[in-house]
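A structural walkthrough
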Amino acid sequence: MERLGSEEEIDSPFKEALNKVVPAMVVLRTTACRAFDTQSAGASSATGFVVDKSRGIILTNRHVVKPGPVVAEAMFVNREEIPVQPIYRDPVHDFGFFLYDPCAIQFLSYEEIPLAPEAACVGLEIRMVGNDSGDKVSILAGTLARLDRDAPHYRKDGYNDFNTFYIQAASGAKGGSSGSPVIDRQGRAVALHAGGRASGASAFFLPLERVVRALGFLQRGRCTWIPRGTLQATFLHKGFDETRRLGLGSETEELVRLASPPGETGMLVVDSVVPGGPAHKHLEPGDVLIRLNGEVSTRFLKMETLLDDNVNNKIELEIERGGEALSVELRVEDLHSITPDYFLEVSGAIIHPLSYQQARNFSFQCGLVYVANAGYMLSRAGVPRYAIINKFAGQDITKLDDFISVLSKFSRGARVPLEYITHTDRHQGKSVLVTIDRHEWYAPPHIYTRNDTTGLWTMKPVLLSCSAEMEHALEESMEKMRVEDDESRDFQVAERVIEPSLVMLEVRVPPSCMLDGVHSGHFIGTGLIIHHSQTKGLVVVDRNTVVVSVSDVMLSFAAYPIEIPGEIVFLHPVHNFALVAYDPCALGPGASLVRAAQLLPEPALGRGDSVCLVGLNESLQTTCRKSFVTNACAALNIGSATAPRYRATNMEVIELDTDFGCAFSGVLTDDLGRVQAIWGSFSTQCSGKSHEFSRGIPIYTISHTLDKIVSAPARLIMPLVKILEVELYPTLLSKARSFGLSDSWIRALMKKDPLRRQVLRVKGCLAGSKAENLLQQGDMVLAINKEAVTCFRDIEDACQELDELKVTIFRQGREIDVVVGIDVRDGNGTRRVINWCGCAIQEPHSAVRALGFLPQEGHGVYVARWWQGSPGHRYNLYCLVWIVQVNGKPTPNLDAFVAVIKEIEHGEFVRVRTVNFKGTSQVLTLKQDLHYWPTWELHFDPETGMWHRATIKMLHCSNAL
């Protein structure tokens, strides 16, 4: 099959046919709003064509219509674009229908394309007209080569057609051709393009006999329930040579040949049987089908016609199994009854009954509880996509209602055991603990049900009624699972002293809250208890473990085998540490075994000092190693990542001669177990990949923050952090001399700090900071208020004591005094995010501002993340840009942005002006979808220390079933 490039290359008969066909073609832009069955969420384009002009029916593939929620538009050849809604997708075969309003097409004259399945024959010259590779109206020529090809097998865990023949032709068709009509010289559709194989340049076409039948039902009253029957068994057409090897008798073969149409070359043979279906334990792979209800049947079409006409009735099958004739009577099951049309969405997870498609792929029984997308709550527990849930909170789960019933009995934060199996490891079940998700991260659980009349999936909330008895029983079962290890061990002094203060933290970032450029959703690291009393406990940990405040934290204590939740209360905006609070009462008897570490901020560690590197391994066992400090004041230098994210700056770290590797974190102590530094994890990016390394963080900065917290009232109040929002780096005085720095300043700096022998230089100012227009890249910072400064700590100490700094700098051969204001940060990190059209919108965070750029138009709001299947994905509103205008109205901040989007209704097209990091402006349009993607806000309340979720705008009528 070849691509035709010009009208001159198309012969005259096809010219006339194409003139009729092309106006009836449409480009379909579809967005799968949720993962469902075999489909993932996402956006794609394909082809369709009008088969009923008066009713507005478009034919395309099933994998285009999608088995789950879909939003779609059709664009005709004259660029008229209209919304379309799905009205039917076949449960098995690769065809489906969209519906549109014919009155919406105002400027195009077109006719429907007639369907002529009977015209398909070997040697027929055809044209395939479609949206090949995204090119509108691409015409491919070819000749039908086979009418009896096996249905193509695309994926072992995805959608595959079966129990039908396919038509084959040579082709170079690529993505976007799905749903294209295969036409003859009369302009009739003889087949429907469904797929292909690029390596062999083969195209696979679906015959239209069952399409014509389904269309007839739709045309007779727009009935969306089309009778479809099944035995839950898959057949293949095998030649007589193979059926003989399966044991088919010669007399039976002669009978079949005489009763079949001329040219018949084989028979239908059972290929697979789905467990629990009508054919289970009655049919076996290798059975050769002889008769159906007394008639010889060698073709799929005849078999399917009989099944569809006998839904919920019994039929008789005559088969031969290894040469032995058998007769079985089976009930024909309604195929729609085993095709899921509803799902549960909870914490981003999509859960629904196992479909016939996946039951056949995985050899499981239909209707089991199937995870189409693990979301946050289940993936946090380690439950993968495609898992089958069979137990929840100790109760057997055989259907989705069972799962919902158990789920509704638990409140958020409950730890519930769950058992599941996968198709790749079906004989060994997995047991995990699921933490019932807090509702701030996601909307409460909802049931979505397909409505073929409207084309939408309507939703209703799942009522949660927490059962105290259930939670009490769960706690008892969990207590039995805890095993205390009382074996005595002989520790070194430092190891024994510090062990009761060590904690393993497991941090999960919900996918809906991936803010500030966070590069992963799961982090593990070692923390240190720095305060422990009857009312509050505090753990310090590096910020590569606790990256953003919108996270769920679980603490596992080395001193006592218990796991409790923690709350992130402080994120240092510059230095690589965070504070996590916990409730000591939740430790129960373990509260007396846990204690805070003794901190030793002074004297600071120096080169050659001996330290003990102590941390926890994966089994919560203390690991200790004697090490020596090789550099106590190594300046940290971490470059910006491709997607800006937190990175420690203006820090001096401690380097050792030996350690446990880049993934090990813990503390550095003296021989008596007094903590001198945190051995923390840092993240950097190299060649697009994230890498980690560990260094020591001196304890004096942490102890200074702790003193302010402990002196506060009982409720945890975090101190404000005063910083100079300028990124600095050290330069040796020998190099500074080459830049023209005077001898007097070099002597003054050496006298102030004979160890470092350096001067600090400006690498860049954070955009929007008070220093932005005062300090420049390359400036040498010599003194603050006439006092020489040589290290980061000098500047930090000055910031704590003053409201503004008189900075003496050396710039281009001149000494200049500049008064610079100090910025104040609260340590809460990002406190507000808006989810609009499937995009996370926030104020630009520190890592973004550190690049030194903000849009000129009053700044703007920053797109931090987008999600598959959302309008943002569909219309290319991607992350790492600022939205500066919506419908021509400026959006300089989140309040202005919310005020504008509140005025936009469901289904309206929106003009969005964006600016990227290069300063390039772009205008794009997208359609707001408040049904599947309502606008909501997540904000942090510093008074209560809690995150709250609030709906800004949604389609209220979608709540009605």
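Look a little higher up for the structure.
Below is a short write-up of the structure. (Residues numbered from 1 in each chain as written. Predicted model: local features only at pLDDT ≥ 70, side-chain atom pairs only at ≥ 80, totals over all residues. Heavy atoms only, no water.)

Across its full length, the protein chain holds 18 helices and 60 strands. Overall size of the protein chain, expressed as C-alpha extent along the three principal axes, is 110 × 70 × 50 Å. Residues classed as buried in the protein chain amount to 56% of the 961 residues present. Across the protein chain, contacts joining residues at least 24 apart in sequence account for 67% of those joining residues at least 6 apart. Positive and negative charge centroids in the protein chain, built from 98 and 113 side chains respectively, lie 4 Å apart. (Helix = DSSP H or I, 4+ residues; strand = E, 2+ residues; numbered from the N terminus. Buried < 20%, exposed > 50% of the residue type's maximum accessible area, 1.4 Å probe, protein only. Contact = heavy atoms within 4.5 Å. Lys, Arg positive; Asp, Glu negative; His and termini not counted. Charge placed at Lys NZ, Arg CZ, Asp CG, Glu CD.)

What follows covers the pairing of strand β41 (residues 666-669). Note that strand β38 (residues 610-616) and β41 share four bridges and pair antiparallel. The residue of β41 that forms the bridge with Cys-612 is Thr-669. Relative to strand β42 (residues 675-686), β41 runs antiparallel, the two sharing four bridges. Bridged to Gly-666 within β42 is Trp-679. Taken together, β41 and the strand that follows it, β42, pair antiparallel across an intervening segment of five residues, in which Gly-673 is found at a positive phi of about 85 degrees. (Pairing = 2+ DSSP bridges.)

Every buried residue belonging to helix α5 (residues 250-259) is among Thr-252, Glu-253 and Val-256, and all of these are buried. Down the axis of α5, the smallest arc covering the buried residues is 100 degrees, so these residues share one side. Exposed residues pointing more than 90 degrees away from the buried face of α5 are listed as Ser-250, Glu-251, Glu-254 and Leu-258. Of the surrounding elements, those touching the buried residues of α5 are α4 (240-245), β17 (266-273), β18 (288-292), β19 (295-296) and β20 (314-321). (Arc of directions from axis to C-beta.)

Sheet architecture is closed into a barrel: six strands sit in the order β2-β3-β4-β7-β6-β5, paired in antiparallel fashion. Averaged over neighbouring strand pairs, the angle between their axes works out to 40 degrees when direction is ignored. Two strands pair when backbone bridges link them, and strand β5 (residues 70-76) and strand β6 (residues 81-89) are joined in this way by four bridges, in the antiparallel orientation. What sits directly across from Ala-74, in β6, is Ile-82. Sheet strands touched by helix α3 (residues 209-219): β3 (42-52), β4 (57-60), β6 and β7 (96-99). Its angle to β7, the strand with the most contacts, is close to 35 degrees. (Axes fitted to C-alpha atoms, helices over the stretch in contact; angles between N-to-C directions.)

This part covers the side chain of Arg-62. Mapping Arg-62 onto the fold places it in helix α2 (residues 62-65). Residue Arg-62 is classed as buried on the basis of its relative accessible area, which comes to 2%. Among all residues touching Arg-62, those that are not within four sequence positions of it are Asp-37, Pro-67, Arg-89, Asp-90, Pro-91, Val-92, His-93, Asp-94, Phe-95, Gly-96, Tyr-159 and Gln-357.

Here we take up the environment of Ala-325. As for its placement among the helices and strands, Ala-325 is situated in strand β21 (residues 324-331). The spacing of Ala-325 and Val-288 is 37 residues in sequence and 9.5 Å in space, taken between C-alpha atoms. Residue contacts for Ala-325: discarding those within four places in its chain leaves Ile-319 and Glu-320.

Before going further, it helps to examine unusual backbone geometry. Look at the link from Glu-602 to Pro-603: it is a cis peptide, with omega at -5 degrees. Note on placement: Pro-603 falls in the loop between β37 (578-582) and β38. For Lys-281, which is not a glycine, the phi torsion comes out positive at approximately 70 degrees. One can find Lys-281 in the loop between β17 and β18. Despite not being glycine, Leu-620 shows a phi value in the positive range, around 60 degrees. Turning to its location among the elements, Leu-620 is positioned in the loop between β38 and β39 (622-635). Residue Leu-620 is classed as partly exposed on the basis of its relative accessible area, which comes to 26%.

Right, let's talk about the packing of α3 against helix α6 (residues 300-308) for a bit. Where α3 meets α6, the closest approach of the two axes is 11 Å, and the angle between their N-to-C directions is 25 degrees. Considered as vectors, α3 and α6 are oriented roughly parallel to each other. Residues Glu-209, Arg-210 and Arg-213 of α3 form the contact with α6, whose participating residues are Leu-301, Glu-304, Thr-305 and Asp-308. (Parallel < 35°, antiparallel > 145°, perpendicular 65-115°, else oblique.)

Inspection of every chain in the model, using the stated rule, returns 54 salt bridges. Glu-345 is the salt-bridge partner of Arg-34, the closest N and O atoms lying 2.8 Å from each other. On the criterion of sequence distance, the pair formed by Arg-34 in the loop between β2 (25-32) and β3 and Glu-345 in strand β23 (residues 342-346) is long-range, its members being 311 residues apart. For the pair formed by Arg-34 and Glu-345, the shared burial category is buried. Between Glu-125 and Arg-127 there is a salt bridge, with the nearest N and O atoms lying 3.5 Å from each other. Residue classification places Glu-125 among the partly exposed positions, given a relative accessible area of 29%. In this structure Arg-127 comes out as buried when scored by relative accessible area, which is 4%. When salt bridges that share partners are traced, they join Asp-90, Arg-210, Arg-213, Arg-228, Glu-304 and Asp-308 into one network. (Salt bridge = Lys/Arg side-chain N within 4 Å of Asp/Glu carboxyl O.)

Below, the discussion takes up the pairing of strand β36 (residues 563-571). Within a regular strand, the side chains alternate between the two sheet faces. Sheet topology note: the strand β35 (residues 552-557)/β36 ladder contains four bridges and is antiparallel. Bridge pairing in β36 links Leu-555 to Ile-564. Between β35 and β36, which pair antiparallel one after the other, the connecting turn spans five residues. In textbook terms, the turn of a hairpin is the stretch between consecutive antiparallel strands, and for β36 and β37 this stretch comprises six residues.

With that settled, consider the packing of aromatic side chains. Applying the stated criterion to the full structure yields 27 aromatic pairs. Residues Phe-362 and Tyr-386 carry aromatic rings whose centres are separated by 5.9 Å and whose planes lie at 55 degrees to one another, so their mutual orientation is tilted. Here Phe-362 is found in helix α7 (residues 356-362), whereas its partner Tyr-386 is found in the loop between α8 (377-381) and β26 (388-392), with 24 residues between them in sequence. Overall, Tyr-386 belongs to the buried group, its relative accessible area being 7%. When the centroid spacing of 5.5 Å and the interplanar angle of 80 degrees are considered together, the rings of Phe-853 and Trp-882 count as edge-to-face. Of this pair, Phe-853 sits in the loop between α16 (846-849) and β54 (861-866) while Trp-882 sits in strand β55 (residues 881-886); the two residues are 29 residues apart in sequence, bridging distant segments of the chain. Trp-882 gets classed as buried once you look at its relative accessible area, which sits at 0%. (Phe/Tyr/Trp six-rings, centres within 6.5 Å; stacked < 30°, edge-to-face > 60°.)

Attention now goes to the nonpolar core. Formed by 64 residues in total, the largest nonpolar core has its most connected members in Leu-555, Phe-557 and Tyr-582. When residues no more than four places from it in sequence are discounted, the contact partners of Phe-557 are Leu-502, Val-503, Ile-529, Ile-562, Ile-564, Tyr-582, Leu-587, Val-594 and Leu-620. Counting residues in hydrophobic clusters, the runner-up holds 49 residues, among them Phe-49, Phe-204, Leu-208 and Ala-214. (Core = buried A, V, L, I, M, F, W, Y, C linked by side-chain atoms within 4.5 Å.)

Along helix α18 (residues 894-901), the positions that sit buried rather than exposed are Leu-894, Phe-897, Val-898, Val-900 and Ile-901. Taken end-on, α18 shows its buried residues confined to a sector of 160 degrees, consistent with a single buried face. Looking at where α18 begins, the residue whose side-chain oxygen comes 3.3 Å from the main-chain nitrogen of Asp-895 is Asn-893. (Polar contact = N/O pair within 3.5 Å; in protein donor to acceptor, adjacent residues only side chain to side chain.)

A separate point is the environment of Asn-631. Relative to the helices and strands, Asn-631 resides in strand β39. On the accessibility criterion, Asn-631 (26% relative accessible area) is partly exposed. Residues Asn-631 and Arg-607, 24 residues apart in the sequence, show an inter-C-alpha distance of 5.4 Å. Not counting chain neighbours up to four residues away, the residues in contact with Asn-631 comprise Val-653, Ile-654 and Glu-655.

Once that is clear, we can look at the sheet that holds strand β34 (residues 537-541). In space, the six strands of this closed barrel follow the order β32-β33-β34-β37-β36-β35, with antiparallel pairing throughout. Within this sheet the neighbouring strands show an average axis-to-axis angle of 40 degrees, counted without direction.

Moving on: the side chain of Ser-260. With respect to the helices, strands and loops of the structure, Ser-260 is situated in the loop between α5 and β17. Separated by 2.6 Å, the side chain of Ser-260 and the backbone oxygen of Val-256 make a polar contact. Those residues within four positions of Ser-260 in sequence are excluded, and the remaining contacts are Val-296 and Thr-298.

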